[in-house]
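# Notes for the structure review
The residues making up each chain are set out below.
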Amino acid sequence: MLELKLLENGIYELKINRPEVLNALNKDVIELLDQKMDELKDKVDVRALIITGEGQKAFVAGADIAAMVSMTSEEASQFCRRGQSVFSKIENMSFPVIAAVNGFCLGGGFELALACDFIFASENAKFGLPEVSLGLIPGFGGTQRLSRNLGLSYAKYLITTGHMVQADELLSRGLVIQVVPQDKLMAQALDVAKTITKKGPQAIKAAKLAIHEGFNKSLEKGLKLEEDYFAYLFSNQESKEGMAAFLEKRAAKF
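Below is a short write-up of the structure. (Residues numbered from 1 in each chain as written. Predicted model: local features only at pLDDT ≥ 70, side-chain atom pairs only at ≥ 80, totals over all residues. Heavy atoms only, no water.)

### Describing the packing of aromatic side chains
This structure, assessed with the given rule, holds 6 aromatic pairs. Judged by centre distance (6.2 Å) and plane angle (85°), the ring pair of phenylalanine 118 and phenylalanine 120 falls under edge-to-face. On the basis of relative accessibility, which here comes to 22%, the residue phenylalanine 118 falls in the partly exposed class. Judged by its relative accessible area of 2%, phenylalanine 120 falls in the buried class. Taken together, the aromatic side chains of Phe79, Phe87 and Phe140 make up a single cluster linked through ring pairs. In this arrangement the basic side chain of arginine 173 is found over the ring face of tyrosine 154, its NZ or CZ atom lying 3.6 Å from the centre. (Phe/Tyr/Trp six-rings, centres within 6.5 Å; stacked < 30°, edge-to-face > 60°. Buried < 20%, exposed > 50% of the residue type's maximum accessible area, 1.4 Å probe, protein only. Lys NZ or Arg CZ within 6 Å of the ring centre and 35° of its normal.)

### Side note on the sheet that holds strand S5 (residues 97–101)
An order of S1-S2-S3-S5-S7-S10 is seen for the 6 strands of this open sheet, with the pairing classed as mixed. Of all the strands in the sheet, the pair left with one neighbour each is strand S1 (2–8) and strand S10 (176–180). With direction set aside, neighbouring strand axes in the sheet form an average angle of 20°. Relative to S10, strand S7 (residues 118–122) runs parallel, the two sharing 4 bridges. Looking across to S10, one finds that alanine 121 is bridged to valine 179. (Pairing = 2+ DSSP bridges. Helix = DSSP H or I, 4+ residues; strand = E, 2+ residues; numbered from the N terminus. Axes fitted to C-alpha atoms, helices over the stretch in contact; angles between N-to-C directions.)

Geometric descriptors of this kind do not, in isolation, establish any biological role.
What follows is the structure, encoded as structure tokens:
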């Protein structure tokens, strides 16, 4: 159902493997995602994570509607809170999390991709939040993260129409980083992950914290956060090694 494996040099892959239902999310998958995130948090060697879906048809085609149809309001509330909690945990991992999106990326799948740090997509990728077609709204952060990433107007358009859009559309709006042929998707995501592993891990962590913590603050408070993290990095060996390597014209050993 979920496969976590080490690819190389601290780069892990987490694959959602339910191709018979286009990798749809249900309670069990959400719980497994939570467990895998905790497992990764406890590993000292993790430098980057790539999340993808099994097969070429879908990254995640949404939540498992068959599992949702009999939910009560209270059960739906619990399911929503659990999904939001797990996706927030993914968003706040100390290392970069890359979504490698293949095929349909709908509903909860799009919300999962939005919780990642950035998105690479194959040419056949299609994105959408079609919940209103079911008489529902996105429940795993879609109404909040989409508007923060793409602006209020476009978020309202996508959510209220339920339209699917091609990867190129989101590339032009800056949400998708790059669109590549299907057979090049994982190689491209891995190449970027390799680039990240050559940088200072504490600096990467501090950069994520500064960006996330400062995003909804005033510029003045955000700049103070940046100052604090910038100064903190001078207290560890990583920055000393990085600057020494630059001056000595050699590769840093992080």
